[in-house]
Amino acid sequence: MTAIRLAYRNLLRNKRRSILTSLALAIAMMMMVFAFGMLDGMEEQSIRNFISYDYAHMKAYLPGYLEEDFPGLDHAFTVPESLLTLIEKESNGATVTARLEMSGVVIHGSEETFVRVVGVDPKRDKEVFETLETLSGGVTLSDDKEVALIGDRLARDLKIDIGEMATLMVRSAPGALNPRMLPIAGILRTGHPKVDQFSVYVPLSLAREMALLPDGATEIAVLTKSKSTSPEVTAYLAKVLPELEWHTWVALAKDFYSMIRFKRYGQAVMLGILALMAAVGIANTMVMSVHERTREIGALRALGFTPRLISRIFMLEGTMLGLAAGITGVILGCILTAWSAIDGWSMERYGDMDIGVPIRDAIYPTIQPGSIAFSLVIAVLLALFASWGSARMAGRGQVVRALREGKL
Amino acid sequence: MENNLVVQAKDVVKTYDEGRVQALNGVNLDVVSASFIALAGPSGSGKTTLLNIIGALDIPDSGSVGIEGRNLESMKEKERTTLRRERIGFIFQQFNLVPVLTARENVELPLEILPGFDRAARKKTALEMLSLVGLEGLENRFPNKLSGGQQQRVAVARALVKSPAIILADEPTANLDSENGMAIVDLMKKMRDELGSAFILSSHDPRVLERVERVVQLVDGRIDQ
Ligand SMILES: Nc1ncnc2c1ncn2[C@@H]1O[C@H](COP(=O)(O)OP(=O)(O)OP(=O)(O)O)[C@@H](O)[C@H]1O
Ligand SMILES: [Mg+2]
């Protein structure tokens, strides 16, 4: 308690020095909160996009499908309606849909582009994905119309608009090229680059016809009632239908996750170096603090303060400095994060470039309690570490010499 | 009589710089409880060295020092710290108050590291002590807002607050003008009368030496009989 009083009064006594010293650490902590906020925001939005437009909560494929660079119709399998109903029943109220995906080419006028052609069941798909309802114009698919939806960036590249005809060319399962003229019914704008830039959606019945695969599908997607139960449901379905390969969205997004983990490490290392430099500042201040109080230390030792208690006084002082820096940094970091979340970090600057993030418009950083706690803990640990040496020195000094020469 | 001795130093030798400087050269000194004595002698005669050894801040090269019958040489560093905490008070030439603590907090300091004093007891004891040394009303001043004489009074209160057996005061008046210096010596004597601690001062100042009950003259690390 004396130690606490001594610590904060000494910090206040050297106000300018304390502020300057903690500022460096505060800035490091601010950047840490912000950087993690960006990554957290990116992760959150990415997961939302993955689930809404691409992976649902889990997907089933024929074994080996995911290992193919360009998985084709040789990995299609038969999905009768009864199978989907069975999965619905077994997964306890989840929604289920089948998709038939193949690669193809869209041609409009003199423009042509490789695309993924996705056959979707308009009714079922809406229960699982949001894709078919995220239109920027036109109307969505219905079962009995032979029309296509395309992503807005793809439409831009093909210079095509709603109502115009596009030629869609796919290779059927037996291998014949199968061109089809289709009107563009609507344009999708989901914010997921894979959908907006590379995809054409047609009714499943039409896709099956073009592929010459009645009841064919390349994947089954399942959306459980709650994201958290998806691992168990996946494991269970894998047992019920072992001939298919079942993956949760987490497994499907593993490249994304390893990228984000890599980014996190990268940021942590960079900020760690920054924080370490700040810690050197604290160490320096603490050495000064010990040196200018040598006689005081000697007097306290004469009064019967133990070396350990003396050390604790200085450890506490350093820790308070770190804590103050940490709190300041976290507050500044939260302000910076909240401020940049207003407009978000625009992804437009990357254009059509694929940077492995399923976000097209902007990343909105979020503030996570975890990263706040982490920053505070790091700040305090660094401060402890930084004051360790001088605190030990303070405790170990020779009393007589400290009193006589003012030196430890 | 024997058990009335608070300090018993026998043949104390202390050298510095690997024996080149003979600071104490076989000192014998007995101090009974509630004494009021002073070490005198020219600069370099060993006054500070002897006080440091009696105060368990330093250890002699040879000889023995007993404090209230307990031998310092056989004590570990930790035990010496405990001895200082419980039984010895220090008053310094440069006052050595903690600048960030108020007068009262400075006086409370020794009690904070002793068992049996809660917050209220510490405060009460410290305030009593401060009024005994004549600083009533200045309890909440920080040292830099006190005169030298007032600071030394706080130091006297701080040394005495735990009722130690021995108070060691190395040149307590050297940083004060003579009027304040004499007042401090008179104050210490008054405190000795009230509290019964033994005082060992050191000083060059003849007027200080006039006021003590016994003067121990040190010359070249020896007591001059
Ligand atoms: N740490 C030390 N290293 C070397 N020599 C020392 C040390 N401390 C004291 N001495 C020497 O020991 C001798 C006694 O010193 P001491 O400080 O005890 O004298 P003193 O009587 O207190 O003198 P003063 O009146 O000037 O305070 C002196 O010669 C001094 O130079
Ligand atoms: Mg001296």
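Residues numbered from 1 in each chain as written. Chains lettered and ligands numbered in written order. Predicted model: local features only at pLDDT ≥ 70, side-chain atom pairs only at ≥ 80, totals over all residues. Heavy atoms only, no water.

**Student:** Describe the overall build of chain A, with residues and values.
**Tutor:** What chain A contains, in helices and strands, is 14 helices and 14 strands. Its C-alpha radius of gyration of 31 Å places chain A more than 25% over the 22 Å reference for a compact globule of 408 residues. With the principal axes as the frame, chain A shows a C-alpha extent of 100 × 45 × 30 Å. By the burial criterion, 53% of the 408 residues in chain A qualify as buried. Long-range pairs, those at least 24 residues apart, make up 77% of the contacts in chain A with a sequence separation of at least 6. On chain A, roughly 18500 Å² of surface is accessible, and the fraction owed to carbon and sulfur atoms is 62%. (Helix = DSSP H or I, 4+ residues; strand = E, 2+ residues; numbered from the N terminus. Rg over C-alpha atoms; globule rule 2.2 N^0.38 Å. Buried < 20%, exposed > 50% of the residue type's maximum accessible area, 1.4 Å probe, protein only. Contact = heavy atoms within 4.5 Å. Areas by Shrake-Rupley, 256 points an atom, 1.4 Å probe, with all protein chains shown as cover.)

**Student:** Go over a negative patch on the surface, please, and point to the residues and values.
**Tutor:** Residues Glu-67, Glu-68, Asp-69 and Asp-74 of chain A make up a contiguous surface patch of negative charge. Relative to the helices and strands, Asp-69 of chain A resides in the loop between β1 (58-61) and β2 (77-78). (Patch = residues over 30% accessible without salt bridge, like charges linked within 9 Å, V, L, I, M, F, W, Y side chains within 5 Å. Salt bridge = Lys/Arg side-chain N within 4 Å of Asp/Glu carboxyl O. Lys, Arg positive; Asp, Glu negative; His and termini not counted. Charge placed at Lys NZ, Arg CZ, Asp CG, Glu CD.)

**Student:** Tell me about a nonpolar patch on the surface, and please be specific about residues and values.
**Tutor:** All names here are of chain A. Taken together, the side chains of Leu-20, Leu-23, Ile-27, Met-31, Val-269, Ile-273, Leu-274 and Met-277 define a hydrophobic patch exposed on the protein surface, amounting to about 710 Å² of accessible area. Only α2 (15-55) and α10 (254-292) provide two or more residues apiece to the nonpolar patch. Residue placement: Leu-20 occurs in helix α2. Here Leu-20 falls in the exposed class, since its relative accessible area comes to 55%.

**Student:** Could you give an account of the pairing of strand β9 (residues 214-219) of chain B, naming the residues involved and the relevant values?
**Tutor:** Remember that side chains alternate between the two faces of the sheet whenever the strand is regular. Residues and elements named next belong to chain B. By the bridge criterion, four bridges tie strand β3 (residues 36-40) to β9 in an arrangement that is parallel. Within β9, the position partnered with Ile-37 by the bridge is Arg-214. Relative to strand β10 (residues 222-223), β9 runs antiparallel, the two sharing two bridges. The partner of Leu-218 across the bridge, within β10, is Ile-223. Following β9, the chain reverses through two residues before pairing antiparallel with β10; Asp-220 in that reversal takes a positive phi of roughly 50°. (Pairing = 2+ DSSP bridges.)

**Student:** Explain helix α6 (residues 178-195) of chain B to me, and be specific about the residues and the numbers.
**Tutor:** Residues and elements named next belong to chain B. Under the 1.5 Å per step criterion, the end-to-end length of α6 is 25 Å for 18 residues, consistent within 8% with the ideal 26 Å. The complete set of buried residues in α6 reads Gly-181, Met-182, Ile-184, Val-185, Leu-187, Met-188, Met-191 and Arg-192. Immediately beyond the C-terminal end of α6, within one or two residues, lies Gly-196, with a positive phi of roughly 80°. (Expected span 1.5 Å × (residues − 1).)

**Student:** A description of the packing of α2 of chain A against α10 of chain A should follow, citing residues and the corresponding values.
**Tutor:** Residue and element names in this part refer to chain A. Put simply, α2 and α10 touch, their axes get as near as 9 Å, and they point 170° apart. With respect to α10, the element α2 is oriented roughly antiparallel. Residue composition of the contact of α2 with α10, grouped by class: 23 nonpolar, six polar and six charged. (Axes fitted to C-alpha atoms, helices over the stretch in contact; angles between N-to-C directions. Parallel < 35°, antiparallel > 145°, perpendicular 65-115°, else oblique. Nonpolar A, V, L, I, M, F, W, Y, C, P; charged D, E, K, R; others polar.)

**Student:** Tell me about the site of ligand 1, residues and numbers included.
**Tutor:** Surveying the vicinity of ligand 1 reveals 15 residues, the closest of which are Ser-43, Gly-44, Lys-47, Thr-48 and Thr-49 of chain B. More than one chain lines the surroundings of ligand 1; the residues nearby belong to chains A and B. Interatomic distance of 2.5 Å between a side-chain N/O atom of Ser-43 of chain B and an oxygen atom of ligand 1. Contacts to ligand 1 include Thr-49 of chain B, whose side-chain N or O atom sits 2.5 Å from an oxygen atom. Out of a free accessible area of 630 Å², ligand 1 has 74% covered by protein chains. In this structure the site holding ligand 1 corresponds to the second largest pocket. For the shell around ligand 1, the secondary-structure elements that each account for two or more residues are β2 (21-32) and α1 (47-54) of chain B. A class-by-class count of the residues in the shell around ligand 1 yields four nonpolar, seven polar and four charged. (Near = heavy atom within 4 Å. Polar contact = N/O pair within 3.5 Å; in protein donor to acceptor, adjacent residues only side chain to side chain. 1 Å grid on protein atoms, 1.4 Å probe; cavity = no way out; pocket = protein on both sides within 12 Å on 5 of 7 lines; lining within 4 Å. Sits in = over half its atoms within 2 Å of the grid points.)

**Student:** Outline the confidence of the model for chain B, supporting the account with residue identities and numerical values.
**Tutor:** Atomic detail in the predicted coordinates should be set aside for any region of low pLDDT. Averaged over all residues, the pLDDT of chain B is 95; the fraction at 70 or higher stands at 99%. If you check the scores for this complex, the pTM reads 0.83 and the ipTM reads 0.95. (pLDDT = per-residue confidence, 0-100.)

**Student:** So, the packing of α2 of chain A against helix α13 (residues 369-396) of chain A: which residues are in play, and what are the values?
**Tutor:** Residues and elements named next belong to chain A. Two elements in contact, α2 and α13, have axes separated by 10 Å at closest approach and are oriented at 150°. By the angle class used here, α2 and α13 are roughly antiparallel. Crossing geometry of α2 relative to α13 is assigned as right-handed. In contact with Leu-25, Met-29, Met-32, Val-33, Phe-36 and Asp-40 of α2, α13 contributes Ser-371, Phe-374, Ser-375, Ile-378, Ala-379 and Leu-382. The residue inventory of the contact of α2 with α13, partitioned by class, reads nine nonpolar, two polar and one charged. (Left-handed = near helix turned anticlockwise from the far one by under 90°.)

**Student:** Let's hear about the environment of Val-115 of chain A: which residues, and what values?
**Tutor:** Residues and elements named next belong to chain A. Note on placement: Val-115 falls in strand β4 (residues 111-120). Under the relative-accessibility criterion, Val-115 is labelled buried at 5%. Aside from chain neighbours lying at most four places away, what touches Val-115 is Met-102, Ser-103, Gly-104, Val-105, Val-106, Leu-154, Phe-198 and Val-200.

**Student:** Quick rundown of the sheet that holds β2 of chain B? Include the residues and the values.
**Tutor:** Residue and element names in this part refer to chain B. If you walk across this open sheet you meet the four strands as β2-β1-β4-β5, and the pairing is antiparallel. Bordering the open sheet on either side are β2 and β5 (70-71), each of which pairs with just one other strand. In terms of strand pairing, strand β4 (residues 62-67) meets β5 through two bridges, oriented antiparallel. Considered in β5, the bridge of Gly-66 is made with Asn-71. Running over the sheet, α1 touches β1 (5-16), β2 and β4 and is turned about 55° from β2.

**Student:** Describe the interface of chain A and chain B, naming the residues involved and giving the relevant values.
**Tutor:** With 21 residues of chain A in contact, the opposing surface of chain B contributes 26 residues. Both sides together, the interface formed by chain A and chain B hides about 2200 Å², and carbon and sulfur atoms give 62% of it. Summed over the three residues of chain A that lose the most area to chain B, namely Arg-9, Leu-303 and Val-400 of chain A, the buried surface amounts to 27% of that side. Between Arg-301 of chain A and Glu-77 of chain B there is a salt bridge, with its nearest N and O atoms 3.5 Å apart. One can count six residue pairs in polar contact (both at pLDDT 80 or more) joining chain A with chain B. At seven residues, helix α11 (residues 294-303) of chain A tops the list of elements feeding residues into the side of chain A that touches chain B. For the side of chain A that touches chain B, the per-class residue count stands at 11 nonpolar, four polar and six charged. (Buried area = accessible area lost by both parts, 1.4 Å probe.)

**Student:** Give a description of the pairing of β3 of chain B that names residues and reports values.
**Tutor:** Residue and element names in this part refer to chain B. Counting buried positions along β3 gives five out of five residues, so the element sits mostly inside the fold. Here β3 shows a buried face lined by Phe-36, Ala-38 and Ala-40 and a second buried face lined by Ile-37 and Leu-39. The sheet contact formed by β3 and strand β8 (residues 198-202) spans four bridges and is parallel. Paired with Ile-37 across the bridge in β8 is Ile-200.

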